[in-house]
Structure formats: structure tokens, C-alpha cells
Amino acid sequence: MIIAVLNGPNLNLLGVREPERYGTVTLAEIERRVRARAAPLGVAIEPWLQSNHEGVLVEAVQALRGAADGALINAAAYSHTSLALRDAVLAVQVPFVEVHLSNVFAREEQRRHSQLADLAMGVIAGFGADSYLLGLEALVAGLGRLRVSESAS
């Protein structure tokens, strides 16, 4: 099983950016943890991408078609604003889980709405770096259920 992990703007600054909100774990450490958890699940993480540029993320989503079984997407601020990213996810129709380090539903009003959430299998938010691990496990379980229902059809 191949799972892509796409990370949006400013996540490259994890560990130094607002540590009281996002913690001190870096994105590289989160990647190590996710890859370590993925291996016993029989999952390859490909690609792992972080970009501050909306178009790069849109192209990364488009590239998932036929290349990944699912995705973890932390679109960061683009979760709340990007219709382009929403349209790409809708067009590609790759199952995904939306993840956030902070509890976006307990933050500013504009962060409480996601352009992606209604397209996602689910949303994991508020568990810091563990949001990625929880999202990975939920995605793998959800993909397993999809495969069972497809084979039963």
C-alpha cells in the first residue's frame, strides 16, 4: 500500500514556530515517526512533500491519481482557503485523511471551516505530531474497509 503525505505552508518551520501551539517536534521528526509506524502496517510513504506554494500542492495532489492508494493531507492554512486544492482532491478522488497539529475547531473562526473536510474520510486534529500517526492508522483501516466492500460487490 502506498500512502502520500502532503504538508502545506509553514510546516517547514515546525519546532521553532509557535512551540506553545505546535510543539517542538520538527517536520523531519514527524516524517521519521510516520515512516517507522508505516513499515509494520505494510505501508510505503511516497511521496512525503512539504510546500509553501499552493500550486505545488495542487500538482502533488494531481500526481496521486494511479500512484497512491491514499493520502494524509495537512494543507495547513490552505485547508481553510484553497478552492484550487479542494478541486484537485475532488478531481483525483484519492481517499485521504485531513490532519492538523492543533485543534482548528478551537481556534479563530476562519480556521474552523475546512475546504477539504467534507471530501476526507475523516479529520484528525489537535493531537500535535500524533495527529499524523492517528491519521495514518485511520487511513489504513479505512482503506482496508474500502477494499473489503469493493471485493464484496
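Just so it is clear, the structure is predicted and the values come from calculations on it, not from any experiment.

Undergrad: Would you take a moment to explain the overall build of the chain for this structure?
TA: Across its full length, the chain carries six helices and five strands. Each helix and strand of the chain, ordered N terminal to C terminal, gives the series β-α-α-β-α-β-α-α-β-β-α. Considered along the principal axes of its C-alpha atoms, the chain spans approximately 45 × 35 × 25 Å. Going through the 153 residues of the chain one by one, you find that 44% of them count as buried. Within the chain, contacts between residues at least 6 apart in sequence are counted, and of these 77% link residues at least 24 apart. Accessible surface for the chain amounts to roughly 7,500 Å². Of this, 54% is attributable to carbon and sulfur atoms. If you average the places of the 13 positive and of the 16 negative side-chain charges in the chain, the two averages end up 3 Å apart.

Undergrad: When you look at the sheet that holds strand 5 (residues 122-125) in this model, what are you seeing that I'm missing?
TA: One key point about sheets: their strands pair by backbone hydrogen bonds, in either a parallel or an antiparallel sense. A sheet is described by the order of its strands in space; here five strands give the open sequence 2-1-3-4-5, paired in parallel fashion. Only two strands of the sheet have a single neighbouring strand rather than two, namely strand 2 (44-50) and strand 5. Adjacent strand axes in the sheet meet at a mean angle of 20° when their direction is disregarded. Pairing of strand 1 (residues 2-7) with strand 2 involves five bridges; the strand directions are parallel.

Undergrad: Sorry, what's going on with empty space enclosed by the protein here?
TA: A water-sized probe rolled over the atoms picks out the places where empty space is left. Tallying each qualifying case throughout the model produces one cavity of 30 Å³ or more. Estimates place the volume of the largest cavity at around 40 Å³. If you go around the largest cavity, the residues you meet are Val61, Leu64, Ile73, Val89, Val92, Gln93, Val94 and Phe96. Of the residues contributing to the lining of the largest cavity, the split by class is seven nonpolar, one polar and no charged.

Undergrad: Help me out: how do you make sense of the environment of valine 89 in this one?
TA: Structurally, valine 89 can be placed in helix 5 (residues 83-92). The exposure class assigned to valine 89 is buried, which follows from its relative accessible area of 6%. Taking C-alpha positions, valine 89 is 15 Å from valine 123, a pair spaced 34 residues apart along the chain. In this view, valine 89 contacts Val61, Ile73, Val94, Phe96, Leu116 and Leu119; residues no more than four positions away in its chain are not counted.

Each value, and the rule that gives it
Residues numbered from 1 in each chain as written. Predicted model: local features only at pLDDT ≥ 70, side-chain atom pairs only at ≥ 80, totals over all residues. Heavy atoms only, no water. Helix = DSSP H or I, 4+ residues; strand = E, 2+ residues; numbered from the N terminus. Buried < 20%, exposed > 50% of the residue type's maximum accessible area, 1.4 Å probe, protein only. Contact = heavy atoms within 4.5 Å. Areas by Shrake-Rupley, 256 points an atom, 1.4 Å probe, with all protein chains shown as cover. Lys, Arg positive; Asp, Glu negative; His and termini not counted. Charge placed at Lys NZ, Arg CZ, Asp CG, Glu CD. Pairing = 2+ DSSP bridges. Axes fitted to C-alpha atoms, helices over the stretch in contact; angles between N-to-C directions. 1 Å grid on protein atoms, 1.4 Å probe; cavity = no way out; pocket = protein on both sides within 12 Å on 5 of 7 lines; lining within 4 Å. Points joined across faces, edges and corners; volume = space filled by probe spheres on them. Nonpolar A, V, L, I, M, F, W, Y, C, P; charged D, E, K, R; others polar.

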